[in-house]
Amino acid sequence: MATASQFRALFQPRGLVVAGASTHPGKFGFVALHNILANGYGGEVFATNRDGSDVLGLPTLRDLDAVPEGAADLVFVCTPAATNPDLLRAAAAKGITAAFIASAGYGEAGDEGLARQRELVTLADQLGMLVVGPNGQGVVSTPASLCAQIVAPYPPPGRIGIASQSGNFVSSFMNYARLSGVGVSRAVSAGNAAQVGVIDFLEFYADDPATDVALAYVEGIEDGRGFFERLRRVSERLPVVLVKGGASSLGSRAAASHTGSLATDDKVFDGMCRQAGAVRATTIEEAYDLAATFATQPLPRGPRVAVVTTAGGWGVVTADAMSGTSLELVALPDDLRADLDTMLPPRWSRNNPIDLAGGETKDTIPAVLDAVARHPEVDAVIYLGMGIQSNQGRLEREGPYYPEFGLERIVAYHDRQDRRFTTTAAELVESLGKPILAATELAVADPRNAAVQGVTDSGRYCYPSSNRAVNALDHAWRHAWWRMRRGLG
Amino acid sequence: MIEPSRRTLSEAASKELLARFGVPLPVEHLAATPDAAVDAAEQIGYPVVAKLCGDAIAHKTERGLLRLGLADAAAVGEAARSLLAAAEPDDGDVDVLIAPMLRATRELIAGLARDPQFGMTVVLGVGGVLAEAIADVSIRLVPIEREDAEDMIDDLGAQALLGPFRGEPAVDRARLADVLLGLSRAATVHPELVSADLNPLMIVGGDPIAADALVEVEG
């Protein structure tokens, strides 16, 4: 079992060594050192190179023996597999307690590799060392400005902890982090998961003060029961969003029983997740939607949703998307309707979805959002149709008439207003403790739109469509309900 | 590795085992002769069903060992004679099981299934002949708590089937949860269970009742 102090050495090292740093910019041993140095890691960085050549202007050491004792507690290993046992012994002698092994040539490489992998684990256990990988892409820890990986990107800091059986999905998740601005605390690729696997990292995240949500990709699971029990304990501590690869394989069962033939692998896994309180996503994209929701919104206290839209059919299709979910389009309470009547011209929808029908003046939207979100019969709000004016403003700003004809002033006004509407939504989330999800395709069509920027700058996730917001809120409420019914608060 | 041998219990033994864990079952009688079958039917009240019952008989429907809607003594006597005559040497000791003819517009399926990765599971699904094609099913790992059982019911896609339906009241969800909890307890108490089928689990007047049961054990 890996210990908390070993995980601290991995994610919060006081100093680190890149073993096998290379002068060739195409090699992992170069890229890993580059990524560590380029992203502002604050601890001391050592690098070993067989020839002692400088790499990226950093003088290197011939081997680990030259590292001052106690100066580093993490080694990032890019050296050939055959040399790694000696390297681990030398590292342990210097007080290093965690190793990330990027080297290939282990369990993925036939019987010989598998034997080498077993020996590696045995040795690491003897040395009291945490070994992550082998054949992994790396580890990221934004509280330590640590980007120890052989691939991009480095994500913005945030509250999501990522663990994956596939390194490429770590990159995918972190690309979504960059796209959305909803950032990452830790991320690790488990590689061949020889000594520690995804569930070990989830357990670390459960107690990690930097992490509020765990996001994981898993394929094979060796000890199903153990995984379930551990996953449940983690889910009690923080939301876990899980994607399972290989979900479509049909578990055909020998057939004395009819229920057995209904219990396919995928259905069993699905039920296991629900029982454990883990949130299962079917795609990487959905997984990030859900993780970002848990990271940036409070859990809803009930299923009653109000949809606020500035205009158009958005509200209608959002209401449609809610059918078949756990959510409830709340019947507009009389006192709220009367309240809104005083703020809006008579053509507004007078029902939920609350369609303002373009009837807003300067301060209407913040006032409507406030009244709706504050109402005791509303548990969550989905806010649609923001950014229209600043989108027009962009067209004007990029057109031939700008800044003449009063365009400069009106464009700046709309930018300010759209930004204000979305930051108001975020302030209400804070003061009321209720989720308000903002959705517009401008999140991807024009991430620099003032409304989208207002959402992201206030630390929230801008949903690229209302149906994705509905789906995220559905999962949030299901998870909240799972917690409430088990007295988990 | 030698797989432990697996065998199915008779319908009567299956039901007896599961009844001890609160699985709701119709009153039934085993009859060794056509005359005894008629006596049993008179006690239960017509119409009844007759089934050939024995340890080695798993799939009665497929083998045509089921007679439905028997409305009087003559029909019961004839059904019992033909069922007993249909027994094959491999079936071992057989009896005719006489049970009330349950009528239900809604059929669920519930049971236990052992998963190679996660171990014993409780299963609830929409039943009937289309069950496998529809695959509206919800699963949890044994043991389950009441919250899990209630979640399983909520997870089914066909919620309309669980509400008031064609003049019948809504399914009693607490009783349905009791069935699932009973199955879970049965699996905990009897680790030799490999699978259990309540198929169909009929909804009669809103209450679940298992019209058939099949338990498979190992060792």
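Please read these numbers as outputs of a predicted model, since none were measured by experiment. (Residues numbered from 1 in each chain as written. Chains lettered and ligands numbered in written order. Predicted model: local features only at pLDDT ≥ 70, side-chain atom pairs only at ≥ 80, totals over all residues.)

A. Expanded view of the overall build of chain A. Tallying secondary structure elements over chain A gives 18 helices and 18 strands in all. On C-alpha atoms alone, chain A measures out to a radius of gyration of 26 Å, which is about the 23 Å that the 2.2 N^0.38 rule sets for 489 residues. In terms of its C-alpha atoms, chain A occupies a principal-axis envelope of roughly 80 × 75 × 35 Å. Once local pairs closer than 6 in sequence are excluded, the contacts in chain A between residues at least 24 apart make up 73%. (Helix = DSSP H or I, 4+ residues; strand = E, 2+ residues; numbered from the N terminus. Rg over C-alpha atoms; globule rule 2.2 N^0.38 Å. Contact = placed C-beta atoms within 7 Å.)

B. The overall build of chain B, seen in detail. The helix and strand tally for chain B stands at 7 helices and 11 strands. Compactness check: chain B gives a C-alpha radius of gyration of 18 Å against a globular reference of 17 Å for 219 residues, within 12% of the reference. Projecting the C-alpha coordinates of chain B onto the three principal axes gives extents of approximately 55 × 50 × 30 Å. Buried positions account for 44% of the 219 residues belonging to chain B. Contacts in chain B between residues far apart in sequence, at least 24 positions, make up 65% of those at least 6 positions apart. (Buried ≥ 20, exposed ≤ 12 C-beta atoms within 10 Å, placed from the backbone.)

C. Just the sheet that holds strand E4 (residues 98-101) of chain A, in detail. Residue and element names in this part refer to chain A. Strand order in the open sheet formed by 5 strands is E2-E1-E3-E4-E5, and the pairing between neighbours is parallel. What marks the edges here is a single partner per strand, and that holds for strand E2 (44-48) and strand E5 (130-132). Going across the sheet, the axis of each strand differs from the next one's by a mean of 20°, ignoring polarity. Taken together, the 4 bridges between strand E1 (residues 15-19) and strand E3 (residues 74-77) define a ladder with parallel strand orientation. (Pairing = 2+ DSSP bridges. Axes fitted to C-alpha atoms, helices over the stretch in contact; angles between N-to-C directions.)

D. Representation of the interface of chain A and chain B in the model. The interface of chain A with chain B comprises 21 residues on the first partner and 29 residues on the second. Broken down by secondary-structure element, the contributors of at least two residues to the side of chain A that touches chain B are helix H7 (224-237), helix H8 (258-262) and helix H9 (265-276) of chain A. Broken down by element, the residue count for the side of chain A that touches chain B peaks at 6 residues, all from H9(A).

E. Looking closely at the confidence of the model for chain B. All names here are of chain B. In the predicted model, chain B carries a mean pLDDT of 92, and the fraction of residues at 70 or more is 98%. The least confident element of chain B is helix H3 (residues 60-63), whose mean pLDDT is 73; the most confident is helix H7 (residues 173-189), at 98. Prediction confidence for the complex, expressed as pTM and ipTM, is 0.93 and 0.90 respectively. (pLDDT = per-residue confidence, 0-100.)

F. Expanded view of the packing of helix H6 (residues 146-155) of chain B against H7(B). All names here are of chain B. As a packed pair, H6 and H7 sit with axes 9 Å apart at the nearest point and diverge in direction by 115°. Crossing handedness for the pair H6 and H7: right-handed. When H6 is examined against H7, the residues Arg146, Ala149, Glu150, Met152 and Ile153 are found in contact with a partner set consisting of Arg173, Leu176, Ala177, Leu180 and Leu181. Residues of the contact of H6 with H7, tallied by class, amount to 7 nonpolar, no polar and 3 charged. (Left-handed = near helix turned anticlockwise from the far one by under 90°. Nonpolar A, V, L, I, M, F, W, Y, C, P; charged D, E, K, R; others polar.)

G. View of the pairing of strand E11 (residues 213-218) of chain B. Residue and element names in this part refer to chain B. Of all 6 residues in E11, 5 are buried, a share of seventy percent or more. Where strand E9 (residues 193-204) lies against E11, 5 bridges are found, and the strand directions are antiparallel. Following the sheet pairing, Leu193 is matched in E11 by Val217.

H. Region of interest: the domain arrangement of chain B. Residue and element names in this part refer to chain B. Here the domain parsing of chain B yields domain 1 (6-24 + 104-218) and domain 2 (29-100). The gap between the C-alpha centroids of domain 1 and domain 2 is 25 Å. The partner domain 2 presents 8 residues to the 6 residues of domain 1 that form the contact. When its residues are assigned to classes, the side of domain 1 that touches domain 2 shows 3 nonpolar, 2 polar and 1 charged. (Domains from an automatic or database assignment.)

I. Looking closely at the sheet that holds strand E4 (residues 66-70) of chain B. Residue and element names in this part refer to chain B. Judged by pairing direction, the sheet is antiparallel, and its 4 strands sit side by side in the order E2-E5-E3-E4 without closing on themselves. The open sheet has two edge strands with one neighbour each: strand E2 (29-31) and E4. Each strand of the sheet is rotated relative to its neighbour by a mean of 25°, with strand direction disregarded. Here 3 bridges tie strand E3 (residues 48-53) to E4, and the two strands are oriented antiparallel to one another. Paired with Ala50 across the two strands is Arg67, which belongs to E4. Lying over the sheet, helix H1 (residues 11-19) contacts E2, E3 and strand E5 (95-100), oriented at roughly 105° with respect to E3. Each of E2, E3, E4 and E5 touches helix H2 (residues 34-44); the most contacted strand, E5, lies at about 15° to it.

J. A look at the environment of A:Thr97. Turning to its location among the elements, A:Thr97 is positioned in the loop between helix H3 (84-93) and E4. In this view, A:Thr97 contacts A:Ser5, A:Gln6, A:Ala9, A:Asp73, A:Gly128, A:Met129 and A:Leu130; residues no more than four positions away in its chain are not counted.

K. Spotlight on the packing of helix H14 (residues 388-398) of chain A against helix H15 (residues 407-432) of chain A. Residue and element names in this part refer to chain A. Here H14 crosses H15 at 150°, and the two axes come no closer than 8 Å. Between H14 and H15, the interaxial angle falls into the category roughly antiparallel. Read as a crossing pair, H14 and H15 show a hand that is left-handed. On H15, the residues that touch Gln389, Ser390, Gly393, Glu396 and Arg397 of H14 are Leu407, Val411, His414, Asp415, Gln417 and Asp418. The class makeup of the residues in the contact of H14 with H15 is 2 nonpolar, 5 polar and 4 charged. (Parallel < 35°, antiparallel > 145°, perpendicular 65-115°, else oblique.)

L. Representation of the confidence of the model for chain A. Of the residues in chain A, 98% reach a pLDDT of 70 or more, and the chain-wide mean stands at 94. Taken together, the stretch residues 250-255 of chain A has pLDDT below 50 and engages in 9 contacts with residues farther than four places along the chain or on a different chain.

M. Just unusual backbone geometry, in detail. All names here are of chain A. Here the bond from Gly133 into Pro134 is cis, since omega is -5°, no more than 30 degrees from zero. The residue Asn135 is not glycine, and still its phi comes out positive at about 65°. Following the sequence through the fold, Asn135 ends up in the loop between E5 and strand E6 (138-141). Looking at Asn135, the number of C-beta atoms within 10 Å reads 23, which means it is buried. Notably, Ala193 is not glycine yet its phi reads approximately 50°, a positive angle.

N. Structural view of H2(B). Residue and element names in this part refer to chain B. All of the buried residues in H2 are Pro34, Ala37, Val38, Ala40 and Ala41. For H2, the angular spread of the buried residues around the axis is 160°, confining them to a single face. Elements in contact with the buried residues of H2: E2, E3, E4, helix H4 (73-86) and E5. At the C-terminal side of H2, Gly45 shows a positive phi close to 100°. (Arc of directions from axis to C-beta.)

O. How the structure looks around the environment of A:Thr422. By the element assignment, A:Thr422 lies in helix H15. Filtering out sequence-adjacent residues up to four positions away, A:Thr422 remains in contact with A:Met386, A:Ala438, A:Ala451, A:Gly454, A:Val455 and A:Ser458.

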